[in-house]
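Chain residues, written in single-letter form:
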Amino acid sequence: MSVEPTDYVARLRAQASDPGREEALRRDRAARRRKIALAVGGGALLLGGFGYWLTDVTGERPPYEPYAARTVREELWPLEWPYSVDMPFRNSPASGWAEGADGIYVPEPTGSYGGLTAKDTTAVLDEVKTLLVETNVSERTLGGAEPTAALALLDPRGVDEAVRKDMVTRFDPEEVYLHETTGIRTRGAMTYEVSAAGELVVHADYTFVYPLVRADLRHEIVPGLSEVARIAVRRQFTVTSRGGKLVLGAYASEVANHDCSAPKDGVLHPLFAEGRWKAGRAAEGAQVAMAELYDEKRVLPSGPGHCVTPTGT
């Protein structure tokens, strides 16, 4: 049915002059405003909830738990984040040290001293190196074996049993194992002198840093990337060559990042990131700074088994 133009125009004029038209339009506009306000409010609540969740999962996470670790190159990770098998010596001065026994340098005698030939002196210095290697670097010893032959170089009358046990570095193979790719890092010095009695006196001061991985392999920083814990062991001692034996004199040792509260069972128990963080909080300012830990001029307190909580290793 067609509508005449004149009728259509008349109808529009009648609607425009209808007194209820403005009220209907007003109600319609008000309804639309309420819908928009509700939509905006709901969005704000949703965003607020998301922001709360985001703060909860990021800002409240313990500092030792990496967040989106794969988006940041590991060399840029914060110090609190765990060390990984990819970079077991990240942020450590030991990263550039020699590996294992190569870090134990034996000085070369240049002549005779007090009746001792260069050959005699070298033989004693080699014995001291053997003692250090077999008690701190040997895979068998680290795995729990007794370095009987090396300890036999010492005169038993001058070695306290506590010191004898402390001179040996061991780990529980059911708990941790040594990271096989990088190995141990070693640094220190060996010096010697001839006493007034004509005996060769050797001073040794060495630090060994061990990167360790959990034996169960269940704890990963991110999938496929296992965590590494580092333990630093420092030994300072003096021995005198007498009667074919090494007579132990002054002795001091320090172990850092070992669980100081663990039972004294003859093995070292490394602190991984979570344990390191908790031990640091418990220490309340008693931690040893990393710079101090690696200070080669620092003299250790006398005696064996000095356990410290470091800010890093």
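Since the structure is predicted, the reported quantities are computational estimates derived from the model, not experimental observations.

Novice: Let's hear about the layout of surface pockets: which residues, and what values?
Specialist: Volume-wise, the largest pocket comes out at about 620 Å³. The leading source of residues in the lining of the largest pocket is strand S9 (residues 303-308), at four residues. Across the lining of the largest pocket, the residue classes tally to eleven nonpolar, six polar and nine charged. If you add up the space inside the second largest pocket, you get close to 300 Å³. Lining the second largest pocket are 16 residues, and of these Val 137, Glu 139, Leu 142, Leu 178 and Ile 184 lie nearest its centre.

Novice: Break down empty space enclosed by the protein for me, with residues and values.
Specialist: One pass over the full model with this rule turns up one cavity of 30 Å³ or more. Here the largest cavity is characterised by a volume of approximately 40 Å³. Residue lining of the largest cavity: Thr 207, Ala 232, Val 233, Arg 234, Glu 254 and Leu 293, and that is the complete set. Residue contributions to the lining of the largest cavity peak at three residues, all from strand S7 (residues 225-242). Each residue belonging to the lining of the largest cavity can be placed in one class, and the counts come to three nonpolar, one polar and two charged.

Novice: Which residues make up unusual backbone geometry, and what are the values?
Specialist: Phi is positive for Asn 91, which is not a glycine, with a value near 65°. Position of Asn 91 among the secondary structure elements: in the loop between strand S1 (83-84) and strand S2 (98-99). Take Asn 91: its relative accessible area is 35%, and that puts it in the partly exposed class. Backbone geometry places Asn 257, a non-glycine residue, at a positive phi of 75°. Tracing the backbone shows Asn 257 in the loop between strand S8 (245-256) and helix H7 (273-283). Judged by its relative accessible area of 1%, Asn 257 is buried.

Novice: Please set out helix H3 (residues 118-136) residue by residue, giving values where relevant.
Specialist: In this model, H3 (19 residues) spans 27 Å end to end at C-alpha, consistent with the 27 Å of a helix rising 1.5 Å per residue. Of the residues making up H3, those classed as buried are Thr 121, Val 124, Leu 125, Val 128, Leu 131, Leu 132, Val 133, Thr 135 and Asn 136. Among the structural elements, helix H4 (139-142), helix H5 (148-151), strand S4 (185-194), strand S5 (200-214), S7 and S8 are those in contact with the buried residues of H3.

Novice: Break down the environment of His 306 for me, citing the residues and quoting the values.
Specialist: Tracing the backbone through its elements, the reader meets His 306 in strand S9. Exposure remark for His 306: the relative accessible area of 30% places this residue in the partly exposed category. Residues His 306 and Ser 253, spaced 53 residues apart in sequence, show a C-alpha to C-alpha distance of 6.0 Å. If sequence neighbours within four positions are ignored, His 306 has contacts with Ser 253, Glu 254, Val 255 and Pro 301.

Novice: Kindly report on the pattern of salt bridges, identifying the contributing residues and their values.
Specialist: Throughout the structure, instances matching the rule amount to eleven salt bridges. For the salt bridge of Arg 170 with Glu 146, the shortest nitrogen-to-oxygen distance reads 2.3 Å. With Arg 170 in the loop between helix H6 (161-166) and strand S3 (176-178) and Glu 146 in the loop between H4 and H5, this pair connects stretches of sequence that are 24 residues apart. The exposure class of Arg 170 is buried, given its relative accessible area of 12%. Residue Glu 146 is classed as partly exposed on the basis of its relative accessible area of 42%. Across the pair Arg 298 and Glu 254 runs a salt bridge whose closest N-O atoms are separated by 2.8 Å. Pair noted here: Arg 298 is in the loop between helix H8 (290-293) and S9 and Glu 254 is in strand S8, with a separation of 44 residues, a long-range link.

Cut-offs and rules
Residues numbered from 1 in each chain as written. Predicted model: local features only at pLDDT ≥ 70, side-chain atom pairs only at ≥ 80, totals over all residues. Heavy atoms only, no water. 1 Å grid on protein atoms, 1.4 Å probe; cavity = no way out; pocket = protein on both sides within 12 Å on 5 of 7 lines; lining within 4 Å. Points joined across faces, edges and corners; volume = space filled by probe spheres on them. Helix = DSSP H or I, 4+ residues; strand = E, 2+ residues; numbered from the N terminus. Nonpolar A, V, L, I, M, F, W, Y, C, P; charged D, E, K, R; others polar. Buried < 20%, exposed > 50% of the residue type's maximum accessible area, 1.4 Å probe, protein only. Expected span 1.5 Å × (residues − 1). Contact = heavy atoms within 4.5 Å. Salt bridge = Lys/Arg side-chain N within 4 Å of Asp/Glu carboxyl O.

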